Amino acid sequence: MLLKLLIVDEDVELRSNIIRNSCWNRLGVYICGEASNGQEGLNAIKLLHPDIVMTNVQLKVMNGLEMIREGHKEVDFKTVVITNVKNFDYLKRAMDMGIDSRSFFVNPVKRCELEKEIIRLKSVIINTYSWKIKMANNNELAMYALEYIKKNYNKQIRLTDIAEQKNISTDHYRRIIKKYMGESFVTILNKYRVGIALNLKKEGCTMRTIAEKTGFENYKRLVYNLKKYVGNCNI
């Protein structure tokens, strides 16, 4: 996975040295762009959506910290901050913006230090990306189970059957549903069936007919769940 790195510094020679003197491809990074002032940097952030922005604090038009703050309103990225002078206020402001103190450097900066920090940030980004994919996949699995219930509530369905369709273990699927829905698969299924049963009751259907149409094993299971979730079965 190659990450995009944007370099923002008004010193052309420094930018060139950073680009030329580091083996970015070996680190899994490529330079997606350069900028010489804060406004150019902000425009590049919005256009290029870099994974990492390496910027000097002292920039014309807009300083580096302002650029980062404005950029974060539209793009999610990590930041390496470089300053030409030791200034605790810069560090404090950077940390207040959520920038790790390990990503803050004072010139002159050694190449090995920058590379080490880029490697660390890359690991953070990849782990976050993997976590987001996992969360999205889990949410999709939970929603799939819910849609399956809506389409098949009148049948005898088991979580095991759905888990087999998704090629995951039943126990794992059970935990996902509990985490994302706040209730167990069986509870969600029975509550949905009870909701349908109440509508059928208003239409004048008999309890035994309702039991058949809502997928409950028998009349007694219907009555049990009505009492459990509604309070009585004479609604």
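Everything in this summary refers to the structure shown in the same document.

Basis of the calculations
Residues numbered from 1 in each chain as written. Predicted model: local features only at pLDDT ≥ 70, side-chain atom pairs only at ≥ 80, totals over all residues. Heavy atoms only, no water. Phe/Tyr/Trp six-rings, centres within 6.5 Å; stacked < 30°, edge-to-face > 60°. Helix = DSSP H or I, 4+ residues; strand = E, 2+ residues; numbered from the N terminus. Buried < 20%, exposed > 50% of the residue type's maximum accessible area, 1.4 Å probe, protein only. Pairing = 2+ DSSP bridges. Axes fitted to C-alpha atoms, helices over the stretch in contact; angles between N-to-C directions.

**Considering the packing of aromatic side chains**
Summed over the entire model, instances satisfying the criterion amount to two aromatic pairs. For the pair Y153 and Y192, a centre-to-centre distance of 5.6 Å together with 65° between the ring planes defines the contact as edge-to-face. You can see Y153 sitting in the loop between α5 (111-152) and α6 (159-166) and its partner Y192 sitting in helix α8 (residues 185-202), a full 39 residues away along the chain. Exposure remark for Y192: the relative accessible area of 27% places this residue in the partly exposed category.

**Looking at the pairing of strand β4 (residues 78-83)**
Most of β4 sits out of view: five of its six residues are buried. In the sheet, strand β3 (residues 52-56) pairs with β4 via five bridges, with the strands oriented parallel. Its bridge partner being in β4, M54 is matched across the sheet by V80. Looking at chain direction, β4 and strand β5 (residues 104-106) are connected through three bridges and run parallel. Following the sheet pairing, I82 is matched in β5 by F105.

**Overview of the sheet that holds β3**
Hydrogen bonds along the backbone pair up the strands of a sheet, which may run parallel or antiparallel. On the basis of which strands lie adjacent, the open sheet formed by five strands has the order β2-β1-β3-β4-β5 and parallel pairing. The open sheet is flanked by β2 (29-35) and β5, the only strands paired with a single partner. Neighbour-to-neighbour, the strand axes of this sheet turn through a mean angle of 20°, independent of strand direction.

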